[in-house]
Every structure is written in C-alpha cells, then in structure tokens.
Amino acid sequence: MKVFLVGFMGSGKTTIGKKLANYLTCDFIDLDKLIETKVGMSIVEYFELHGESAFRDLEREVLQKTDFPENVIIATGGGAPCFGDNMLWMNENGLVAYLSLSPKALASRLENSKTDRPLIRNLKGDELEGFISAKLAEREPFYNQSKFVVSASDLTAERLAFYLNLG
C-alpha cells in the first residue's frame, strides 16, 4: 500500500505523514528530502540555480522513477500534483489523500516557516494570505482529483488511517 499525501505547503503532509507511517508501522518518504539527497542541494538552492520549470521536471522524474517500498507513506511537495501527469500517476500507483486547509489556516501555519519555501519567502500578512488564496485556487482542481479529501485541521494519524480505510 502506497499512500501519497498531497496539499498546499503547510498543510501538514510531512508531519502527519511521519505519524501515519509510525502508526501503520511502515516507511515514510518526504519527496522533497529525497530530491535534495539526489541533487546534493536544498530545493531553495535548486530553484535559484535552475528555476521552477527545471525543478518540476526533476520532481516528476524522482516521483515516477523511484522504486518506493511496498508499504510507504509519501509526502509530496505542494506543487507536485499540479505538473505533468503526476496526479494521474499517483492515483494509478497508490491511494492519494488531499490534506485540505483554508488559506487563513495555511497562512497562519506558514508565517513563521518561510525560509525554506522559495515561493513565499518574502511575503507576510495579507500579502501571504492573498498569494495562498490565488495559488490554492490554481492547485485545488488537481488536489481534488485525490481519492480522499480530508480536512487537515486537528488531524491525527489515527483519524487519517480511519479515513483511508487503513486502520
């Protein structure tokens, strides 16, 4: 069983993904960390050197060419489902869960963790929430192709496992 967690940055994909993997006693992989290991630099550095388009090509290649363990929770980057055929590929190769949150909740979570996030690094307050609202409107048609759409507000590993019919 492969579970792909998708959603906007700050929705809790990595945090809840680790807890879910622990709860189900399976592996956890953060796609962004896997990419950083493969290229030997941070995603911020990769973005600055090569741009978003090159990053999205790399992200697609790592997602679709990695030989993931049989039982694994995979936290994707916020934009991963929205480029190329990534969403189709994930739906064909595992369970996909969209961790959904409002722009206001996302802005609150992201306000103090922007340095590693190239798209929002210089935004704050209403500007940050406005950016999130606009970007979320672009991305939700992709996120909503997930088999499961789950509110990430107060989400626990146990509740997510129940929603996914895994526990």
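Residues numbered from 1 in each chain as written. Predicted model: local features only at pLDDT ≥ 70, side-chain atom pairs only at ≥ 80, totals over all residues. Heavy atoms only, no water.

Colleague: Can you break down the sheet that holds strand β4 (residues 95-100) residue by residue, with the values?
Modeller: Read from one edge of the open sheet, five strands run β2-β3-β1-β4-β5, paired in parallel fashion. Looking at the sheet topology across the chains shown, the edges are occupied by β2 (27-30) and β5 (148-151). Taking the axes of each pair of neighbouring strands and ignoring which way they run, one obtains an average angle of 25° across the sheet. With four bridges connecting them, β4 and β5 associate as parallel partners. (Pairing = 2+ DSSP bridges. Helix = DSSP H or I, 4+ residues; strand = E, 2+ residues; numbered from the N terminus. Axes fitted to C-alpha atoms, helices over the stretch in contact; angles between N-to-C directions.)

Colleague: Any details on the nonpolar core? Residues and values, ideally.
Modeller: Ranked by size, the top nonpolar core spans 52 residues in total, and within it Phe4, Phe8, Leu20, Ile73, Met90 and Leu160 carry the most contacts. Element by element, the count of residues in this core is highest for helix α3 (residues 43-65), at seven residues. Setting aside chain neighbours within four positions, we find Leu160 in contact with Leu5, Ile16, Leu20, Leu99, Val150 and Leu155. (Core = buried A, V, L, I, M, F, W, Y, C linked by side-chain atoms within 4.5 Å. Buried < 20%, exposed > 50% of the residue type's maximum accessible area, 1.4 Å probe, protein only. Contact = heavy atoms within 4.5 Å.)

Colleague: Lay out the packing of aromatic side chains in plain terms, naming residues and giving numbers.
Modeller: Throughout the structure, instances matching the rule amount to six aromatic pairs. Relative to Trp89, the ring of Phe4 has its centre 5.8 Å away and its plane inclined at 70°; by these criteria the two rings are edge-to-face. Taken as a pair, Phe4 in strand β1 (residues 2-6) and Trp89 in helix α4 (residues 86-93) lie far apart in primary sequence, 85 residues in all. Across the pair, Trp89 and Phe4 agree in class, each one buried. Feature note: the residues Phe4, Phe68 and Trp89 constitute an aromatic cluster, connected by ring pairs. (Phe/Tyr/Trp six-rings, centres within 6.5 Å; stacked < 30°, edge-to-face > 60°.)

Colleague: Outline the environment of Phe55, listing residues and values.
Modeller: Structurally, the position occupied by Phe55 is in helix α3. Taking the C-alpha atoms as reference, Phe55 lies 27 Å from Gly125; in sequence the two are 70 residues apart. Beyond its immediate chain neighbours, meaning those up to four positions away, Phe55 contacts Asp32, Ile35, Ile43, Tyr46 and Phe47.

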